[in-house]
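Take a look at the letters that make up each chain.
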Amino acid sequence: MLFNSIPFLVSFIIFFIIYSFLDRKKQNILLLLYGIYFYSYWNWKMTILLLFSISVNYLLGIHIEKQSDLKRKKRTLYLGVALNLILLGWFKYALFLLGLVGDGIHLFNEGFSIWRPEILLPVGISFYTFHNISYLVEVESGRIKASRSIVEFSVYDIFFPLLLAGPIERPNSLLPQLAKDRKIEKNSFFHGISLVCWGIFQKALIADPLAKFVDGSLANTNQLPEGLLWIVAPAFAFQVYADFSGYSNCARGLAYMMGFRLMNNFHRPFFATNPSQFWQRWHISLSSWLRDYVYIPLGGNRFGFLRQNINILIVWILGGLWHGATYGYLIWGIYLGFCIVLYNTFKRWIPKNISEFQNGFLKYLGRTLTFFSFAFGLLLFRVDDFQDLLVCMKNILSFSQEAFSWSYIFIFFLPIVLFDFWQEKEKTVETDWKLKERPYLFPVLFVFGFIAFSLISPFAKQEFFYFQF
């Protein structure tokens, strides 16, 4: 069920009216029931898988906490992490691994073909798997207590605003909010509405039309006008940014309306001056998760420059595969890792005492290079084979007047560029038009929101980009 759809709009209004009259325990039960309905709207069979995962991790958390022997506690943690990864691996990576084996054998036996089962990828499985792994790790470390309420723990995993595409909320943030009383406050309610309206605007009126242009352009790369990828790549970058940050804003806005606080998943990433800073601003919940649960356990930067950069490569290879089980995502992960390693290496050669002019020049140069390295890197998502990659590289190294004629598409970038500039100037990370002080804006935003739900939009509704992960 899409946030920008009539079924969600109607069902959420009914849900919210009932929710506002209940106490905490009944609110949690309603959140669980609505979460099941919300997820089942996509595929009810996969809801059984989600509920199975919830039940197993709930029992594992309690079992880990009860263990007095540290070795047994560790073994139970490893078992729990392994079970979650096996579940994720089967549904997301089994076909990819079978394809790797098949491709390897095909090199020596061209007539060979390997059997591949039909496996449906459950929406959001990567997100709730990481939810559960972080929960088990935090319980084992003693930083949080295992949840004794099956309802609260279930809502932690099936909290509908973030269920399908995050952010990957930490257990020590969301579980305490489920365990304490909450009420709907006027400020939070209006702030939530402003977040949802901005998120729907990003999705319906920026991301979706850009997706039409990008998909149409990349349908056949052999027929692209020379140099058009200089237009397509930035359009793709803004499409993904508008789509994913739009979902995150909707998720945070809905949570605010219900009395919850979710982490901000984006912090003006296109203002980043280097690849390392970019990933501290983009999909922050994933980047910080990989840092805390993969990079630091591998040793982080504690064992020298070489080991640090090897750890970075490992993290981003895993990060690439987390996004998808294809050669493209694997190569994309390697590419991201090398971008950060190259920056770390280059940074060692920059003199510490440089002039203000040089520093300003490097800052803007860094922003430009960081943006285009990310934008062109995204094209790896759409590359099917090595020949396709060569065609794309040839297109990037050429130029034509016809390609320049498509630059009008940049007009779709303006709302986000202007908004991010405003946030940068105000030094804020929040989307807030202060509806409490300006009540006349509420009906305006409501009417706009209704329109943006694509009732009369010329752009066909599309699923959020990150649903595929």
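An account of the accompanying structure is given in this report.

What counts, and where the lines are drawn
Residues numbered from 1 in each chain as written. Predicted model: local features only at pLDDT ≥ 70, side-chain atom pairs only at ≥ 80, totals over all residues. Heavy atoms only, no water. Helix = DSSP H or I, 4+ residues; strand = E, 2+ residues; numbered from the N terminus. Buried < 20%, exposed > 50% of the residue type's maximum accessible area, 1.4 Å probe, protein only. Contact = heavy atoms within 4.5 Å. Areas by Shrake-Rupley, 256 points an atom, 1.4 Å probe, with all protein chains shown as cover. Axes fitted to C-alpha atoms, helices over the stretch in contact; angles between N-to-C directions. Parallel < 35°, antiparallel > 145°, perpendicular 65-115°, else oblique. Left-handed = near helix turned anticlockwise from the far one by under 90°. Arc of directions from axis to C-beta. Nonpolar A, V, L, I, M, F, W, Y, C, P; charged D, E, K, R; others polar. Phe/Tyr/Trp six-rings, centres within 6.5 Å; stacked < 30°, edge-to-face > 60°. Lys NZ or Arg CZ within 6 Å of the ring centre and 35° of its normal. Core = buried A, V, L, I, M, F, W, Y, C linked by side-chain atoms within 4.5 Å. Salt bridge = Lys/Arg side-chain N within 4 Å of Asp/Glu carboxyl O. Patch = residues over 30% accessible without salt bridge, like charges linked within 9 Å, V, L, I, M, F, W, Y side chains within 5 Å. Polar contact = N/O pair within 3.5 Å; in protein donor to acceptor, adjacent residues only side chain to side chain.

Description of the overall build of the chain
Then, in step 1: Counting its regular elements, the chain contains 18 helices and 0 strands.
Then, in step 2: Split into buried and exposed, the 469 residues of the chain put 54% on the buried side.
Then, in step 3: Look at the contacts in the chain between residues 6 or more apart in sequence, and 77% of them connect residues 24 or more apart.
Then, in step 4: Per element, the accessible surface of the chain, about 22,900 Å² overall, is 65% carbon and sulfur.

Considerations on the packing of helix 9 (residues 229–258) against helix 17 (residues 414–426)
Then, in step 1: Where helix 9 meets helix 17, the axes come as close as 11 Å, and the angle between the chain directions of the two elements is 65 degrees. In this view, helix 9 runs roughly perpendicular relative to helix 17, as classed from their interaxial angle. The hand of the helix 9/helix 17 crossing is left-handed. Note on element contacts: helix 17 touches helix 9 through Ile 416, Val 417 and Asp 420, opposite Phe 238, Tyr 241 and Ala 242.

As for helix 7 (residues 171–179)
Then, in step 1: All of the buried residues along helix 7 are Pro 171, Leu 174, Leu 175, Gln 177 and Leu 178. Buried residues of helix 7, seen end-on, are gathered within an arc of 160 degrees and therefore sit on one face of the element.
Then, in step 2: Close packing links the buried residues of helix 7 with helix 2 (24–40), helix 5 (125–141) and helix 6 (150–158).

Considering the side chain of Thr 370
Then, in step 1: Mapped onto the fold, Thr 370 is located in helix 14 (residues 356–378).
Then, in step 2: Aside from chain neighbours lying at most four places away, what touches Thr 370 is Ala 272, Thr 273, Asn 274, Pro 275 and Phe 278.

Brief notes about the packing of helix 5 against helix 7
Axes are the key here: two packed helices are described by the angle between their axes and the distance separating the axes.
Then, in step 1: It is the contact of helix 5 with helix 7, at a shortest axis distance of 10 Å, that shows an interaxial angle of 90 degrees. In terms of orientation, helix 5 and helix 7 fall into the roughly perpendicular class. Mapping the contact onto sequence places Ser 134, Tyr 135 and Glu 138 in helix 5 and Pro 171, Asn 172 and Leu 175 in helix 7.
Then, in step 2: Broken down by class, the residue content of the contact of helix 5 with helix 7 amounts to 3 nonpolar, 2 polar and 1 charged.

Description of the packing of aromatic side chains
The description of an aromatic ring pair rests on the distance of the ring centres and on the angle between the ring planes.
Then, in step 1: This model, assessed by the stated rule, comprises 58 aromatic pairs.
Then, in step 2: Taking 5.0 Å as the distance between ring centres and 85 degrees as the angle between the ring planes, the aromatic pair formed by Phe 270 and Phe 371 counts as edge-to-face. Note that Phe 270 is positioned in the loop between helix 9 and helix 10 (275–278) and Phe 371 in helix 14, a separation of 101 residues in sequence.
Then, in step 3: In this structure Phe 371 comes out as buried when scored by relative accessible area, which is 13%.
Then, in step 4: A cation over an aromatic ring shows up here: Lys 92 above the ring of Trp 322, its NZ or CZ 5.3 Å from the ring centre.

Details of the nonpolar core
Then, in step 1: Membership of the largest hydrophobic core comes to 129 residues, with the highest contact counts inside it found for Phe 15, Leu 31, Phe 159 and Phe 160.
Then, in step 2: Among the elements that take part in this core, helix 9 stands out by supplying 19 residues, more than any other.
Then, in step 3: Excluding residues within four positions of it along the chain, Phe 15 makes contact with Leu 30, Leu 31, Tyr 34, Phe 160 and Met 258.

What to know about the environment of Gly 99
Then, in step 1: Within the secondary structure, Gly 99 is located in helix 4 (residues 70–106).
Then, in step 2: In contact with Gly 99, other than residues within four places in its own chain, are Arg 116 and Tyr 327.

Topic: the pattern of salt bridges
Then, in step 1: Across all of its chains, the model carries 9 salt bridges by this definition.
Then, in step 2: A salt bridge links Arg 291 to Asp 292; its shortest N-O distance comes to 2.8 Å.
Then, in step 3: Residues participating in the shared-partner salt-bridge network are Arg 24, Glu 152 and Asp 181.

Remarks on a nonpolar patch on the surface
Then, in step 1: Taken together, the side chains of Ile 6, Val 10, Ile 14 and Ile 18 define a hydrophobic patch exposed on the protein surface, amounting to about 320 Å² of accessible area.
Then, in step 2: Topologically, Ile 14 is positioned in helix 1 (residues 6–19).
Then, in step 3: In this structure Ile 14 comes out as partly exposed when scored by relative accessible area, which is 49%.

Some details on the environment of Thr 345
Then, in step 1: Within the element layout of this structure, Thr 345 appears in helix 13 (residues 327–347).
Then, in step 2: With 39 residues separating them in the primary sequence, Thr 345 and Leu 306 have C-alpha atoms 10.0 Å apart.
Then, in step 3: Among the polar contacts listed, one links the side chain of Thr 345 to the backbone oxygen of Val 341, at a separation of 2.9 Å.

Section: unusual backbone geometry
In most cases, non-glycine residues show a negative phi, while peptide bonds are predominantly trans.
Then, in step 1: One non-glycine residue with positive phi stands out, namely Arg 268, at about 45 degrees.
Then, in step 2: Positionally, Arg 268 belongs in the loop between helix 9 and helix 10.
Then, in step 3: Backbone geometry at His 283 places phi at a positive 45 degrees, although glycine is not the residue there.
Then, in step 4: Following the sequence through the fold, His 283 ends up in the loop between helix 10 and helix 11 (284–298).
Then, in step 5: Residue His 283 is classed as buried on the basis of its relative accessible area, which comes to 1%.

Notes on the environment of Thr 368
Then, in step 1: By secondary structure assignment, the location of Thr 368 is in helix 14.
Then, in step 2: Note on Thr 368: relative accessible area 41%, which makes it partly exposed.
Then, in step 3: Sequence separation between Thr 368 and Phe 271 is 97 residues; the distance between their C-alpha atoms is 9.1 Å.
Then, in step 4: At a separation of 3.0 Å, a polar atom in the side chain of Thr 368 contacts the main-chain carbonyl oxygen of Tyr 364.

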